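Notes for the structure review
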Amino acid sequence: AANCISTFQSPLISIAGAVGISLLSISIFFFRQNALFLRLSNIIYGNDSSGNGRTTDAFILANKLLDEKSHYWGVGIGQIKVMGESIIRDYYFYYMDQAVAIPNACAETLAVFGIVGLTVRIGLEIFLFFYTRTWSNYYRLLLFFFMFIYQFTGSFITNVAEYVIWILAFTNVFKQFDVQKRGIN
């Protein structure tokens, strides 16, 4: 039964890949001016204000805050709203009634806890990756890669959903997605 499934999956994957590439090519050729492709183009060329605000601008703001206090230890918990209010408002031209924040988990960690805090954050994630053998489960591996990249492009350090995904990435609760060791036939 296992050989029957593996011989069935190979052509199915090839056909699905060919259809997917064909549809993408047709979409790019005939629908180049749709909103999705325009947005992707703006992100790639650095013309997307939302994308810039969550990536490069967030680290610029974090460094401006660190210039006020300590690059190694950060500005402290809760100080982004206090110390950073004038810096963030001036940078984004915010009105007085808009809330101020740094919309990037790594940049916010850098601002609040400094280089030491960001090093601990990344180091803990890498340690847990190896300690929990995240690569031994496809689902956990995908969750890890998604969250590892996402922390550089968005989120906040108080985002509970992000922590739940990290917990799922480091605990093996979905054993049906474990990597199966294949014997030599």
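Below is a summary of the structure that appears in this document. As the structure is a computational prediction, the values presented were derived from the model and not from experiment.

Turning next to the environment of Gln-98. Position of Gln-98 relative to the elements: it lies in the loop between α5 (79-92) and α6 (105-131). Of the residues examined, Gln-98 reaches a relative accessible area of 32% and is grouped as partly exposed. With 51 residues separating them in the primary sequence, Gln-98 and Asn-47 have C-alpha atoms 23 Å apart.

Within the secondary structure layout, Leu-118 lies in helix α6. A relative accessible area of 17% means that Leu-118 is categorised as buried. With residues near it in sequence (within four places) discarded, Leu-118 still touches Cys-106, Thr-109 and Leu-110.

It is possible for side chains of opposite charge to pair when their charged atoms get near one another. The tally for this structure, following the rule as stated, stands at four salt bridges. Salt-bridge contacts for Arg-39 lead to Asp-48; the nearest nitrogen and oxygen are separated by 2.8 Å. Of the residues examined, Arg-39 reaches a relative accessible area of 39% and is grouped as partly exposed. Owing to a relative accessible area of 9%, Asp-48 belongs among the buried residues under this scheme. Glu-162 serves as the salt-bridge partner of Arg-121, at 2.7 Å between the closest nitrogen and oxygen. Here Glu-162 lies in helix α8 (residues 160-170) and Arg-121 lies in helix α6, a separation of 41 residues in the sequence. Each of Arg-121, Glu-125 and Glu-162 takes part in salt bridges that share partners, so that together they form one network.

So, on to the nonpolar core. In summary, soluble globular proteins display a tendency toward joint burial of nonpolar side chains. In terms of nonpolar packing, the biggest core is built from 19 residues, with Ala-62, Leu-65, Ile-80, Ile-88, Ile-102 and Ala-111 touching the most fellow members. Mapped by element, the contributors of at least two residues to this core are α4 (56-68), α5 and α6. With seven residues, the single largest contributor to this core is α6. Ignoring sequence-local partners within four residues, the contact set of Ile-88 consists of Leu-61, Ile-80, Tyr-94, Val-100, Ala-101 and Ile-102.

In this section: the layout of surface pockets. Space inside the second largest pocket adds up to approximately 220 Å³. For the lining of the second largest pocket, the secondary structure elements donating two or more residues are α5 and α6.

Here we take up the packing of aromatic side chains. The tally for this structure, following the rule as stated, stands at 16 aromatic pairs. An angle of 85° between the planes, with centres 5.3 Å apart, marks the rings of Tyr-91 and Tyr-92 as edge-to-face. Residue classification places Tyr-91 among the partly exposed residues on the basis of a relative accessible area of 26%. Consider the rings of Phe-146 and Tyr-150, whose centres lie 5.6 Å apart with planes at 5°: the pair is stacked. Here Phe-146 and its partner Tyr-150 are both found in helix α7 (residues 138-150), four residues apart, which amounts to about one turn of the helix.

The rules behind these values
Residues numbered from 1 in each chain as written. Predicted model: local features only at pLDDT ≥ 70, side-chain atom pairs only at ≥ 80, totals over all residues. Heavy atoms only, no water. Helix = DSSP H or I, 4+ residues; strand = E, 2+ residues; numbered from the N terminus. Buried < 20%, exposed > 50% of the residue type's maximum accessible area, 1.4 Å probe, protein only. Contact = heavy atoms within 4.5 Å. Salt bridge = Lys/Arg side-chain N within 4 Å of Asp/Glu carboxyl O. Core = buried A, V, L, I, M, F, W, Y, C linked by side-chain atoms within 4.5 Å. 1 Å grid on protein atoms, 1.4 Å probe; cavity = no way out; pocket = protein on both sides within 12 Å on 5 of 7 lines; lining within 4 Å. Points joined across faces, edges and corners; volume = space filled by probe spheres on them. Phe/Tyr/Trp six-rings, centres within 6.5 Å; stacked < 30°, edge-to-face > 60°.

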